[in-house]
Each structure stands twice: as C-alpha cells, then as structure tokens.
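Chain residues, written in single-letter form:
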Amino acid sequence: MVSVELNYADLEYFLMILVRVVGFIFVVPFFNMSHVPRRYRAALSVAISVVLYGVLPRQEIFYDTVYEYTVIVAKEFITGILIGMGVNLCTTILALTGTIADMEVGFSMVTLMDPATRQQTTITSTLYQNLIMLILIISGMYQYIIGALAESYELIPVYGAHMNAEKLLNAAIVFMAEYITIGFRICLPIFAAILMLNAVLGILAKVAPQMNMFAVGLQLKIFVGLGIIFLTLFLLPTVADIIFTEARKMTVAFVEAMM
C-alpha cells in the first residue's frame with residue numbers, strides 16, 4: 001500500500017514550483033501555440049511540477065500576510081515568463097525575415113492567418129516559421145527548453161529571484177541588436193538578388209523606355225524571389241542553428257539578470 005504524506009508547507013512549495021512552470025509553458029515556443037489545447041498544457045505543467053517537486057531539495061517559504069504570499073506567487077510567475085521569453089523572442093526573428101523578404105519580392109500585401117499564433121503573417125514568414133520549427137523539433141530543442149527550466153531552479157531557487165532591471169534592460173537591448181542583424185542575414189540572398197534585378201531594370205528602362213518596366217519588373221521580382229527562396233532552403237539547418245544558439249544565449253542572459 002502506498003501512502004503519501006503532504007502537509008501544508010509541502011503544498012505551498014509545490015504550488016510555487018507549479019506557478020513558475022505554468023508561466024514558462026504558456027510562453028515558450030512549441031507549447032504556447034494556440035492549436036495546443038490548454039488542458040494539455042495544464043497537464044504538462046502539473047506533470048513537470050510533480051517531477052521537479054520530487055527531485056528538488058525542500059525549501060521553507062516564510063511570509064506573514066496574504067499580501068506577501070501573493071507577491072511571492074507573482075514573482076515566481078514572472079520568473080517563469082522571463083525564462084520562457086528568452087526562447088520565445090528568438091522565434092520572432094523569422095517574422096522579421098519573412099516581412100523583409102516579402103517587401104522585396106512583392107508579397108507584402110498578401111497576408112494569411114497563422115493558426116499557431118492567430119495573427120496576420122506574410123507567406124514567407126509562415127514558410128520560414130514552419131520549416132524552422134520542424135527543424136528545431138527534430139534537433140531536440142524541446143528537450144533543451146525543459147532542461148533549461150529544470151536547471152533554472154539550481155540558479156534561481158523558489159523565492160530566490162532578484163530582478164535586476166539594469167541587466168534585464170541590457171539583455172533586451174542586446175537581443176534587439178541581434179534580432180535585426182540575424183533577421184537581415186537570413187534574407188540577405190533575397191535582398192541582394194532583388195537589388196541587382198532593380199539595377200538591371202533601371203538600366204533597361206533607360207535603354208528601352210517604350211517597355212513597361214513596372215509590369216515586367218513585378219513578374220520578374222516574383223520569379224526571382226521564389227527562385228532564391230527555394231534555392232536557399234538547404235541553408236535552413238544553419239539558420240536553425242543560429243536561432244538555437246541565440247535562444248540559449250538569451251535564456252542565459254535572462255536567468256543571470258534574475259540571480
């Protein structure tokens with residue numbers, strides 16, 4: 001017969017773990033997509049919390065009033081969200097890449113509803129996001145995400161987070177710089193090809209002014225843009241590695257900002 005004893009202090013400690021895990025799961029990629037049922041995310045959060053509760057050392061939580069306990073809960077929830085945001089922000093790089101590519105090719109006015117995020121996105125953004133997500137899943141990024149959550153309790157124990165506003169701001173600034181740089185690097189082949197095509201069309205407009213370069217150029221941009229996109233698909237594993245590296249760096253930066 002199996003008997004489990006759970007007192008009030010253990011229940012409070014388990015709830016603190018659960019709050020951080022819930023904040024993390026509902027923000028981090030793969031699990032925060034809208035087509036993942038919420039009850040599955042809730043069940044996964046409880047399962048991970050039970051495992052962490054069994055392996056983490058017990059820690060006493062001291063508070064005097066309900067207000068102090070509420071502050072502790074909010075602090076743990078924010079900690080989970082910030083750790084997850086370190087990974088989630090890096091996936092938005094693909095949205096910037098697709099937007100720039102579609103502006104150059106001429107697909108910027110063509111948008112569709114992304115079922116994962118329930119937002120209007122461009123065609124190229126959706127293509128890049130779906131392919132990169134598949135590569136990251138195959139490469140085992142979800143294992144790193146869950147492992148990073150578990151290791152965060154070693155660096156930031158329950159009720160041990162110290163929000164350093166300066167470090168958080170510096171991490172956000174560094175991310176914005178990398179966000180623009182990496183996003184432009186990914187779409188650089190398309191940008192360079194369309195730039196050379198525009199130069200050629202400009203020369204032809206001077207040589208043969210009777211030609212309608214607007215009609216010809218629009219079709220050529222679509223043809224060249226789609227060709228470059230499909231020719232550079234073999235580079236997506238390298239792009240996924242860059243995003244994976246950036247995600248790890250940003251996660252570490254946010255964790256260090258709360259130590």
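Numbering of residues starts from 1 in every chain and runs along the sequence as written. Under the rules for a predicted model, residues below a pLDDT of 70 receive no local features and side-chain atom pairs below 80 are neither given nor counted, while totals for whole chains, interfaces and linings still include all residues. Only hydrogens and water are set aside; all other atoms, that is, all heavy atoms of the structure, feed into the side-chain values.

### A look at the overall build of the protein chain
- Across its full length, the protein chain holds 10 helices and 2 strands.
- Numbering of helices and strands starts at the N terminus; helices are DSSP runs of H or I of at least 4 residues and strands are runs of E of at least 2. In the protein chain, the succession of helices and strands from N to C terminus is α-α-α-α-β-β-α-α-α-α-α-α.
- Here the globule rule is a power law, 2.2 Å times the number of residues to the power 0.38, and the radius of gyration is based on C-alpha atoms. In summary, the protein chain has a C-alpha radius of gyration of 24 Å against a globular reference of 18 Å for 259 residues, an excess of more than 25%.
- Considering only C-alpha atoms, the protein chain reaches an extent of 85 × 45 × 30 Å along its principal axes.
- Relative accessibility decides the category of a residue: with a 1.4 Å probe and only protein chains considered, values under 20% of the type maximum give buried, values over 50% give exposed, and everything between is partly exposed. Evaluated residue by residue, the protein chain yields a buried proportion of 41% over its 259 residues.
- Long-range pairs, those at least 24 residues apart, make up 82% of the contacts in the protein chain between residues at least 6 apart in sequence.
- Only the protein chains shown count as cover for residues, and all accessible areas are computed by the Shrake-Rupley method using a 1.4 Å probe. Put simply, the protein chain shows about 14,600 Å² of open surface, and 70% of that area lies on carbon and sulfur atoms.
- Taking the average location of the 13 positive side-chain charges in the protein chain and that of its 17 negative ones, the two points are 12 Å from each other. Residue contacts are counted whenever heavy atoms from the two residues lie within 4.5 Å of one another. Two residue types count as positive, namely Lys and Arg, and two as negative, namely Asp and Glu; His and chain ends fall outside the count. A single reference atom marks each charge: NZ on Lys, CZ on Arg, CG on Asp, CD on Glu.

### Structural notes on helix α3 (residues 66-91)
- For α3, with 26 residues, the first-to-last C-alpha span of 38 Å sits near the 38 Å given by 1.5 Å per residue.
- A residue's bend is the angle separating two fitted axes: one through the seven residues that end there, the other through the seven that start there. Maximum bend of α3: about 35°, positioned at Met85. Given the number of residues in a helix, its expected span is that number minus one, multiplied by 1.5 Å.

### Overview of helix α2 (residues 38-55)
- The end-to-end C-alpha distance of α2 is 26 Å, a good match for the 26 Å that 18 residues give at a rise of 1.5 Å each.
- For α2, the full list of buried residues reads Arg41, Ser45, Ile48, Ser49, Leu52 and Tyr53. Each buried residue of α2 sits inside an arc of 140° when the element is viewed along its axis, so together they form one side. Exposed and facing more than 90 degrees away from the buried side of α2 are Arg39, Tyr40, Val51 and Gly54. Working definition: the arc comes from the directions between the helix axis and the C-beta atoms, pointing outward to the latter.

### Regarding the nonpolar core
- We define the nonpolar core as a collection of buried residues of types Ala, Val, Leu, Ile, Met, Phe, Trp, Tyr and Cys that are connected through side-chain atoms lying within 4.5 Å of one another. Counting 64 residues, the largest nonpolar core has Ile17, Val21, Ile132, Met141, Tyr153 and Ile190 as its most contacted members.
- It is helix α10 (residues 236-256) that provides the largest number of residues to this core, a total of 9 residues.
- Ignoring any residue separated from it by four or fewer positions in sequence, one finds Ile132 in contact with Leu94, Leu236, Val239, Ala240 and Ile243.

### Structural notes on the packing of helix α7 (residues 165-186) against helix α8 (residues 188-207)
- Between the N-to-C directions of two axes lies an angle of 0 to 180 degrees, each axis being a line fitted to C-alpha atoms and, for a helix, fitted only over the stretch in contact. Closest axis-to-axis distance for the α7/α8 pair is 4 Å, and the angle between their directions is 60°. With respect to their mutual orientation, α7 and α8 come out oblique. Contacts between α7 and α8 involve Phe184, Arg185 and Ile186 on the former and, on the latter, Leu188, Pro189 and Phe191. The scheme is simple: roughly parallel for angles under 35 degrees, roughly antiparallel for over 145, roughly perpendicular for 65 to 115, oblique for anything else.

### A closer look at the packing of aromatic side chains
- Two aromatic rings from Phe, Tyr or Trp, using only the six-membered ring of Trp, form a pair when their centres are within 6.5 Å; if the ring planes differ by under 30 degrees the pair is stacked, by over 60 it is edge-to-face, and anything between is tilted. What the rule picks out here adds up to 3 aromatic pairs.
- Between Phe14 and Tyr53, the ring centres sit 5.8 Å apart and the planes meet at 90°, which makes this aromatic pair edge-to-face. Placement of Phe14 in helix α1 (residues 8-25) and of Tyr53 in helix α2 is noted, with a sequence separation of 39 residues between them.
- Geometrically, the ring pair formed by Phe184 and Phe191 is edge-to-face, given 5.2 Å between the ring centres and 65° between the ring planes.
- For Phe184, a relative accessible area of 34% corresponds to the partly exposed category.
- Residue classification places Phe191 among the partly exposed residues on the basis of a relative accessible area of 26%.

Fair warning: the whole summary comes from geometry, so function is off the table for now.
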